[in-house]
Amino acid sequence: MALVSPLSPEHDIETKKLAEFFNETLGFCPNSVLTMQRRPAISKAFINLNKAVMANEGRVTSALKRMIAWVSSNSTGCRYCQAHAIRAAERYGAEQEQLDNIWEYRTHPAFSEAERAALDFSLAASQVPNAVNAEIKERLNKHWDEGEIVEMLGVISLFGYLNRWNDSMGTTMEEGAIESGNQFLGKHGFEVGKHDGSQY
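Conventions adopted
- Residue positions are given per chain, counted from 1 along the sequence in the order it is written.
- Local features in a predicted model are, by the rule used here, given only for residues with pLDDT of at least 70; side-chain atom pairs are given and counted only at 80 or more, and totals for whole chains, interfaces and linings are based on all residues.
- Remark: hydrogens and water are excluded; side-chain values derive from all non-hydrogen atoms of the structure.
- By the criteria applied, helices consist of DSSP H or I runs no shorter than four residues and strands consist of E runs no shorter than two, each listed in order from the N terminus.
- This radius of gyration counts C-alpha atoms alone. The globule rule is 2.2 Å times how many residues there are, raised to the power 0.38.
- Accessible area is worked out with a 1.4 Å probe on protein chains only. A residue is then buried under 20% of its type maximum, exposed over 50%, and partly exposed in between.
- By definition, residues are in contact when any of their heavy atoms lie within 4.5 Å.
- Calculation of accessible area relied on Shrake-Rupley with a 1.4 Å probe; when residues are assessed, cover is drawn exclusively from the protein chains displayed.
- We treat Lys and Arg as the positive residues and Asp and Glu as the negative residues; His and chain ends play no part in the count.
- Just so you know, the charge point we use is NZ for Lys, CZ for Arg, CG for Asp and CD for Glu.
- Grouping buried Ala, Val, Leu, Ile, Met, Phe, Trp, Tyr and Cys residues that are joined through side-chain atoms within 4.5 Å yields what is termed a nonpolar core.
- Multiply 1.5 Å by the residue count of a helix minus one, and that product is the helix's expected span.
- Each salt bridge in this description consists of a side-chain nitrogen of Lys or Arg and a carboxyl oxygen of Asp or Glu lying within 4 Å of one another.

Focus on the overall build of the chain
In terms of regular secondary structure, the chain is built from 11 helices and zero strands. Along the chain direction, N to C, the helices and strands of the chain fall in the order α-α-α-α-α-α-α-α-α-α-α. A compact globule built from 200 residues should have a C-alpha radius of gyration of about 16 Å, and the chain, at 16 Å, falls within 12% of that. For the C-alpha atoms alone, the extent of the chain along its principal axes is close to 45 × 35 × 35 Å. Looking at the 200 residues of the chain, the share that counts as buried comes to 52%. A separation of at least 24 residues holds for 73% of the contacts in the chain among residues at least 6 apart in sequence. When the accessible surface of the chain is split by element, carbon and sulfur atoms take 53% of a total near 9400 Å². If the 20 positive side-chain charges of the chain are averaged to one point and the 26 negative ones to another, these points end up 4 Å apart.

Concerning unusual backbone geometry
With the exception of glycine, the majority of residues adopt a negative phi angle, and the majority of peptide bonds are in the trans configuration. For the bond running from Val128 to Pro129, omega is 0 degrees, close enough to zero to count as cis. Note on placement: Pro129 falls in the loop between helix 8 (113-126) and helix 9 (134-143).

Some points on the nonpolar core
With 59 residues, the main nonpolar core has Ile68 and Trp144 as its most contacted residues. Once you skip the residues sitting within four places of it in the chain, Ile68 turns out to touch Val60, Ala118, Leu119, Ser122, Met152, Val155 and Ile156.

What to know about helix 4 (residues 40-54)
Across its 15 residues, helix 4 extends 21 Å between first and last C-alpha, which sits within 8% of the 21 Å expected from 1.5 Å per residue. Every buried residue of helix 4 is accounted for by Ser43, Lys44, Phe46, Ile47, Asn50, Val53 and Met54. Buried residues along helix 4 sit against helix 1 (13-18), helix 2 (21-25), helix 3 (31-36), helix 5 (62-76) and helix 10 (146-169).

Re the pattern of salt bridges
This model, assessed by the stated rule, comprises eight salt bridges. Here Lys65 and Glu151 are joined by a salt bridge, their closest N and O atoms 2.6 Å apart. Separated by 86 residues along the polypeptide, Lys65 in helix 5 and Glu151 in helix 10 bring together distant segments of the chain. Comparing Lys65 with Glu151 shows no difference in burial state: the two are buried. Between Asp120 and Arg139 there is a salt bridge; the shortest N-O distance is 2.8 Å.

Description of helix 10
Between its terminal C-alpha atoms helix 10 stretches 34 Å, which fits the 34 Å expected from 24 residues at 1.5 Å a residue. Downstream of helix 10 by one or two residues, Gly170 has phi in the positive range, about 65 degrees.

See the structure below:
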């Protein structure tokens, strides 16, 4: 059971309407949002921020944004967000080879140098202490413009919030997320862990 139980999607109609965004992204409304709606101002602000961050205004694709989210979540150890990110990457058209080899993005030929720069940025920005340095900046500037870098950091920062929310909350992982986690991350030891609904 999570630290705080999720409420029915009917609890706050404004949140429910905004949360239709996740039907495209994940195929369901995440339990994290259903928990946030205990304070509807938080759930609504979060969904609006999520929509703004995930909007595509440059060359950073929806699939790459979700892979950036996965690298960030993997760095912090949040299994809930890892499963959600890899599921959304698949739903937004990430190549099968990339999904199957996300752990090896630095060396696998399915990833371009531009993608590697973006994913290394995600890893560096998600560490404590922060590891973004001149080399990361140089590699980013070689492949991406400043607006695109802002989009990437928006994703990384959004998932910093989500990683802390869901790992602290022990948010119960949904069946669809478990399926995606097992399918794409299972060979590397993916586990539902504290998100199986029984920790607390």
